[in-house]
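Descriptive structure summary
For reference, the chains in residue letters:
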Amino acid sequence: GPAPGRLAAGEEGPVEGGPPDHSYSLSSGTTSEELLRKLNEQRDIIALLEVKMKEMKGSIRRLRLAEAQLREEIREKDRLLHAASAGTRKRHCL
């Protein structure tokens, strides 16, 4: 019981005196309004980043679809080329 009371009293001393050690952020002029403003700014930044990430995910999805389509086209052209070259080879054999 008595020890914590002394501790609290000891902590109150510097607050009344010079700059306090434990609440330096408050003594350096950061009011709760400023902290709220900073929090809101960070929230806005996070919201913007989330929108950007969603956009990036969307464009990645589109790129993947485009890549899949290109691969399919290449596969089709390869097939046609192989068929054509096989056909000419057959013709040469005959």
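For clarity, every value in this text was computed on a predicted model and none was experimentally measured. (Residues numbered from 1 in each chain as written. Predicted model: local features only at pLDDT ≥ 70, side-chain atom pairs only at ≥ 80, totals over all residues. Heavy atoms only, no water.)

1. A closer look at the overall build of the protein chain
The condition that has to hold: A helix here means a DSSP run of H or I that spans at least four residues, while a strand means a run of E at least two residues long, and both kinds are numbered starting from the N terminus. Burial classes follow relative accessibility: with a 1.4 Å probe on protein chains only, a residue under 20% of its type's maximum area counts as buried, one over 50% as exposed, and anything between as partly exposed. Values of accessible area rely on a 1.4 Å probe in the Shrake-Rupley scheme; residue burial ignores everything except the protein chains shown.
If you tally the helices and strands in the protein chain, you get 3 helices and 0 strands. Of the regular secondary structure in the protein chain, the N- to C-terminal order runs α-α-α. Expressed as a percentage of its 94 residues, the buried residues of the protein chain come to 4%. Put simply, the protein chain shows about 8,800 Å² of open surface, and 62% of that area lies on carbon and sulfur atoms.

2. Let's talk about the pattern of salt bridges
Which entries qualify depends on this criterion: Any Lys or Arg side-chain nitrogen found within 4 Å of a carboxyl oxygen on Asp or Glu counts as a salt bridge.
Overall, the coordinates contain 4 salt bridges when judged by the stated rule. For Arg37, the salt bridge goes to Glu41, with nearest N and O atoms at 3.2 Å. Note that Arg37 and Glu41 are positioned in helix H3 (residues 32-93) at a spacing of 4 residues, about one turn of the helix. For Glu41, a relative accessible area of 40% corresponds to the partly exposed category. For Glu72, the salt bridge identified is with Arg75, shortest N-O distance 2.7 Å. On the criterion of helical spacing, the pair formed by Glu72 and Arg75 is a turn pair, its members being 3 residues apart in helix H3.

3. Notes on a positive patch on the surface
Quick note on the threshold: Like-charged residues are merged into a patch within 9 Å and nonpolar side chains (Val, Leu, Ile, Met, Phe, Trp, Tyr) within 5 Å, provided each residue has over 30% relative accessible area and no salt bridge. Positive charges are assigned to Lys and Arg, negative charges to Asp and Glu, while His and the chain termini are left out of the count. All charge positions are set by atom: Lys at NZ, Arg at CZ, Asp at CG, Glu at CD.
Judged by side-chain charge, Lys54, Lys57, Arg61 and Arg62 come together as a positively charged surface patch. Tracing the backbone through its elements, the reader meets Arg61 in helix H3. On the accessibility criterion, Arg61 (54% relative accessible area) is exposed.

4. Here we look at the confidence of the model for the protein chain
The criterion, for reference: pLDDT measures how confident the predictor is about each residue, on a scale from 0 to 100.
Mean pLDDT over the protein chain: 80, with 64% of residues reaching 70 or higher. Of all helices and strands in the protein chain, the one with the weakest mean pLDDT is helix H1 (residues 2-16) (51), whereas H3 scores best (93).

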